[in-house]
Amino acid sequence: MGPHPAVAAIRLAVRRVLHDVITECSELANFDNERPRHTPAAVADRAAAPLPADDLPLVLVACSGGADSMALASALAFEARKLSVRAGAVTVDHGLQAGSALRAAEVVSRLAAMRLDPVESVAVTVGRDGGPEAAARDARYAALDAAAERHGAAAVLLGHTRDDQAETVLLGLARGSGTRSLSGMAPVSGATGRYRRPFLQLDRQTARKACLVQAIPVWDDPHNADPAYTRSRLRHEGLPALEKALGKGVVEALARTAQLSRDDADALDAWAADVESAVRDDAGQLECAKLYALPPAVRRRVLRRAAVVAGAPAGSLFARHIEEVDRLITGWRGQGAINLPGRVEAQRQGGRLVIRQG
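**Student:** Mind showing me how you'd approach the overall build of the chain here?
**Tutor:** Helix and strand counts for the chain stand at 13 helices and 10 strands. Along the first, second and third principal axes, the C-alpha set of the chain runs to 70 × 60 × 40 Å. At a minimum sequence separation of 6, the contacts of the chain that also span at least 24 residues come to 67%. With an accessible surface of roughly 18800 Å², the chain has 54% of that area assigned to carbon and sulfur atoms. Each charge class in the chain was averaged separately, 46 positive and 42 negative side chains, and the resulting centres sit 3 Å apart.

This is the structure in structure tokens:
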């Protein structure tokens, strides 16, 4: 008899991602400089001479000890043994609760029992910029980036589920954000495609059930039920209210919205990148008349790209900032410079839009 359906589902999701990682690493590796890599002879050569274990790509799982990430860790441990990949884990101790170091040590012990290697706990200091949730997220990703660099990991798996995706879309909607924010979390993200989210098509209950049937201990973070946090209120009050009013299927619909929005945002981003050089003069300055002629969605993307290049932090640059800059193009009344995050200013000068650090 095969594994429980929940276990089979999480393993299949991880297997697909691992195949992607292995394929990408194989494309980068220089197995044969003489022949095309995909000829039958080249494939046979690689099969006959497999890579040493230390040369196999390393995939890390970010694990908090909760049901989602423990299910992910168990699936990674199982699938890695059957594929040409090494599997390790990192747990981040945010230090926000009493006994967090002891809890992190327990998570490390459970991960090591799954035969993941390397396994480590990383303690971080959470700042205050952007609020507690954003600050904790920034500290966590910085620690994961450092761990991936330290171990030479090809990828880091994250346990975000379809429910997390739905929450992210609603949070973006509540902020009045654009299409990119409504697209939620990408299956692959990070500057080098480091972060992979295998569970975005699976619900949270599937991950929890997989842990239950495998007798995997899990830790429920009390912050996830604390109404002081916006996401917690949305999870325990907002989404249940929507499902009560609209019926079941809200989470699935929001996840579909995320994918559709992502497709649209990708197309618009590509359009903006293609036209950016055409709306600049010979000195590289943005020409207001040419910007005005662009569709608003494309124009605002060009403006956002220019602001980020000038030094505005992307994470602090919101739709309202870009709308103010856009009015220098579409509603020009002689207004002064617009102040943007990162001490960047946008100002209209002689038919040109100048965006630079002040």
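**Student:** Quick question: what am I supposed to make of helix H10 (residues 250–275) here?
**Tutor:** Given 3.6 residues per turn, any residue in an α-helix points the same way as the ones three and four places further on. Its 26 residues give H10 an end-to-end C-alpha distance of 37 Å, which sits within 8% of 38 Å, the value for a rise of 1.5 Å per residue. Every buried residue of H10 is accounted for by Val250, Val251, Leu254, Ala255, Ala258, Ser261, Arg262, Ala265, Leu268, Ala272 and Val275. Structurally, H10 contributes buried residues whose contacts are with helix H6 (162–174), helix H7 (179–182), helix H9 (230–246) and helix H12 (296–310).

**Student:** Would you take a moment to explain the packing of aromatic side chains for this structure?
**Tutor:** Aromatic rings in a pair are described by how distant their centres are and how their planes are angled relative to each other. Counted under the stated rule, the structure contains 1 aromatic pair. Plain terms: the ring middles of Tyr141 and Tyr195 are 5.1 Å apart, the flat faces sit at 85 degrees to each other, and that makes the pair edge-to-face. Of this pair, Tyr141 sits in helix H5 (residues 132–151) while Tyr195 is found in strand E6 (residues 195–196), placing the two residues 54 residues apart along the sequence. Between Arg11 and the ring centre of Phe78, over which it is positioned, the NZ or CZ distance is 3.5 Å.

**Student:** I keep staring at the nonpolar core and nothing clicks. Help me out?
**Tutor:** Soluble, globular proteins show a tendency: their nonpolar side chains are buried together. In this structure, Leu111 and Leu116 are the most contacted members of the largest nonpolar core, which totals 39 residues. Among the elements of the structure, helix H1 (5–28), strand E1 (58–62), helix H3 (67–80), strand E2 (86–93), helix H4 (100–113), strand E4 (155–157) and helix H8 (204–213) are those that each provide at least two residues to this core. Once you skip the residues sitting within four places of it in the chain, Leu116 turns out to touch Val61, Ala73, Ala77, Ala87, Gly88, Ala89 and Leu111. The next biggest cluster of nonpolar side chains, apart from the first, holds 26 residues, and it includes Val279, Val302, Val325 and Ile338.

**Student:** Where do I start with the sheet that holds E4 in this structure?
**Tutor:** Hydrogen bonds along the backbone pair up the strands of a sheet, which may run parallel or antiparallel. Read across the open sheet, the 6 strands follow the order E3-E2-E1-E4-E6-E5; overall the sheet is mixed. With one partner strand each, in any of the chains shown, strand E3 (119–123) and strand E5 (188–189) form the two edges of the open sheet. Judged from the 2 bridges that link them, E4 and E6 form a sheet pairing that is parallel. When the bridges of E6 are listed, Val156 appears paired with Tyr195. Taken strand by strand, H3 contacts E1, E2 and E4, and its axis lies near 160 degrees from that of E1.

**Student:** I tried to follow the pairing of strand E10 (residues 352–357) on my own but got confused; where do I start?
**Tutor:** Regular strands show a simple pattern: their side chains alternate between the two faces of the sheet. Where strand E7 (residues 286–287) lies against E10, 2 bridges are found, and the strand directions are antiparallel. Looking across to E10, one finds that Glu287 is bridged to Arg352. Here 6 bridges tie strand E9 (residues 344–349) to E10, and the two strands are oriented antiparallel to one another. In the strand pairing of E10, Glu345 is matched with Arg356.

**Student:** What exactly am I supposed to notice about the sheet that holds E9 here?
**Tutor:** If you walk across this open sheet you meet the 4 strands as E7-E10-E9-E8, and the pairing is antiparallel. A strand with exactly one partner marks an edge of an open sheet, and here the two such strands are E7 and strand E8 (338–340). The pairing of E8 with E9 spans 3 bridges and is antiparallel. Bridge assignment links Asn339 to a residue of E9, and that residue is Glu345.

**Student:** Is there a simple way to think about the packing of H6 against H10 in this case?
**Tutor:** The axes of two packed helices give the description: the angle between them and the distance between them. Close contact between H6 and H10 brings their axes to 8 Å; oriented N to C, the two are set at 70 degrees. Considering their axes alone, H6 and H10 lie roughly perpendicular with respect to each other. Of the two elements, H6 crosses H10, and the hand of that crossing is left-handed. Contact residues: H6 offers Arg162, Asp163, Gln165, Ala166, Val169 and Leu170, while H10 offers Val251, Glu252, Leu254, Ala255 and Ala258. Counted by class, the contact of H6 with H10 contains 7 nonpolar, 1 polar and 3 charged residues.

Cut-off values and rules
Residues numbered from 1 in each chain as written. Predicted model: local features only at pLDDT ≥ 70, side-chain atom pairs only at ≥ 80, totals over all residues. Heavy atoms only, no water. Helix = DSSP H or I, 4+ residues; strand = E, 2+ residues; numbered from the N terminus. Contact = heavy atoms within 4.5 Å. Areas by Shrake-Rupley, 256 points an atom, 1.4 Å probe, with all protein chains shown as cover. Lys, Arg positive; Asp, Glu negative; His and termini not counted. Charge placed at Lys NZ, Arg CZ, Asp CG, Glu CD. Expected span 1.5 Å × (residues − 1). Buried < 20%, exposed > 50% of the residue type's maximum accessible area, 1.4 Å probe, protein only. Phe/Tyr/Trp six-rings, centres within 6.5 Å; stacked < 30°, edge-to-face > 60°. Lys NZ or Arg CZ within 6 Å of the ring centre and 35° of its normal. Core = buried A, V, L, I, M, F, W, Y, C linked by side-chain atoms within 4.5 Å. Pairing = 2+ DSSP bridges. Axes fitted to C-alpha atoms, helices over the stretch in contact; angles between N-to-C directions. Parallel < 35°, antiparallel > 145°, perpendicular 65-115°, else oblique. Left-handed = near helix turned anticlockwise from the far one by under 90°. Nonpolar A, V, L, I, M, F, W, Y, C, P; charged D, E, K, R; others polar.

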